[in-house]
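Each chain is listed here by its residues.
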Amino acid sequence: MISDETSDNVLSQLHISLCDLNQRGYDIEIGSGNLERIGLFISRFKPYSQVVVLADTNVRDNGYSDMVVRSLTDIGADVFVEVIRSGEQSKSVETAIKIWSDFLEVGIDRNSILVSVGGGVIGDLGGFVAAAYTRGIRFFQVPTTLLAQVDSSVGGKVGVDLPQAKNMVGFFHQPLGVLIDSDVLKTLPDIEYVCGLGEVAKYAVSLDAELFNMLETNADKVKARDSELIRFIVTKCCKIKGQIVEEDEFEKTGKRVLLNYGHTFAHVFEIVSKFTLPHGQAVAIGSIYAAKLAAELGITDKNFVDRQIKFHNSIGLPVELPEELFVTINWKEVIDLMQHDKKTESGKLRFVLPTKIGQCKVVNNVDPKNIYNLTGLSQNS
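Reading the values: rules and limits
Residues numbered from 1 in each chain as written. Predicted model: local features only at pLDDT ≥ 70, side-chain atom pairs only at ≥ 80, totals over all residues. Heavy atoms only, no water. Buried < 20%, exposed > 50% of the residue type's maximum accessible area, 1.4 Å probe, protein only. Helix = DSSP H or I, 4+ residues; strand = E, 2+ residues; numbered from the N terminus. Pairing = 2+ DSSP bridges.

Trainee: Mind showing me how you'd approach the pairing of strand S5 (residues 79-84) here?
Mentor: Residues in a regular strand point their side chains to alternate faces of the sheet. Residues of S5 alternate between two faces, with Phe 80, Glu 82 and Ile 84 buried on one and Val 79, Val 81 and Val 83 left unburied on the opposite face. In terms of strand pairing, strand S4 (residues 51-56) meets S5 through six bridges, oriented parallel. Residue pairing in the sheet places Val 53 in a bridge with Val 81 of S5.

Here it is, written out as structure tokens:
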């Protein structure tokens, strides 16, 4: 059962607990200055042999990994730092093998703890590495992007990409905890902030009408990164996802799949762009395509699509594929790649589609011709 409380604890101002995961439950701490206090958070889970800090080059260059290392060193932890290249291309089996080899060389054992410091790639990769190494070591999520804070750091889905499909190889491996520092968002590059809003909009449009209405009303504050509003957004999204994870941790009942609104299109768009299209932007565009598909199938109407497009425009989210990608895209390849999506069953296309603001459902057996209809092309094009 999700619980939360405002706290004067030095770790944070807000504490959310995912309780109904048996012994896999954990806390999410949200607040200002938490990055420098990771040592206090980790010290709750002694004993441990070593602490691995996994970061990418961007996180290193921003000084965030150094802050984490200092905090861990202050509590006497034996720290090993692993830095990988930034970007989706690093979320691969090859990178994982390199990290595991480094672990063996420096003597990381099954009583070590891995701390993933960074965005969604680092969180997913770090959790995957931790889940497999010595058949499982403990790990923490320290997300430093808006996208990771509102979505990928919570829920225990970890994995890597294959050339043909995103997130196809992985585990359900819950972290020991999630430590969110709202201060890091102040210096987040615009493109990374927009990517995070893509996931925020997903929650609002498909799962929470109250959040949608609040964002729609406060679009200027959202674009201006109003600190109080952003902290509310992060907290709200963590609660939404946490509740769904509690109800369907291993994606058995169909509840958790609802978190994938827009993602079937998004993952394919990322692949055909050779990952030049960032995930959050792909989700935003994919959500518009999903809304148009829902209207095409008569599940929702054009007014819904128009309202979502207007909403995306108001907070700076893209609504169309970049022209240079759209004109070169092979839609037959798109359909073929969708066949490899994790939600596909028995070769039949399966989508999460909206019915109205704040509600969505899973739709099975979608005919590829309906997707072609969205492009204005024939199925033989």
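Trainee: Explain unusual backbone geometry here, please?
Mentor: A negative phi angle characterises most non-glycine residues, just as the trans form characterises most peptide bonds. Following Lys 46, the chain continues to Pro 47 via a peptide bond in cis, the omega torsion being 5°. Along the chain, the position of Pro 47 falls in the loop between helix H1 (38-42) and S4. A positive phi is found at Arg 135, a non-glycine position, where the angle reads about 65°. As for its placement among the helices and strands, Arg 135 is situated in the loop between helix H5 (120-132) and strand S7 (138-143). What makes Arg 135 exposed here is its relative accessible area of 79%. The backbone of Lys 274 shows a phi angle near 60°, a positive value even though the residue is not glycine. Within the element layout of this structure, Lys 274 appears in the loop between helix H11 (263-272) and helix H12 (279-296). According to the relative accessible area criterion, Lys 274 is exposed, its value standing at 64%.

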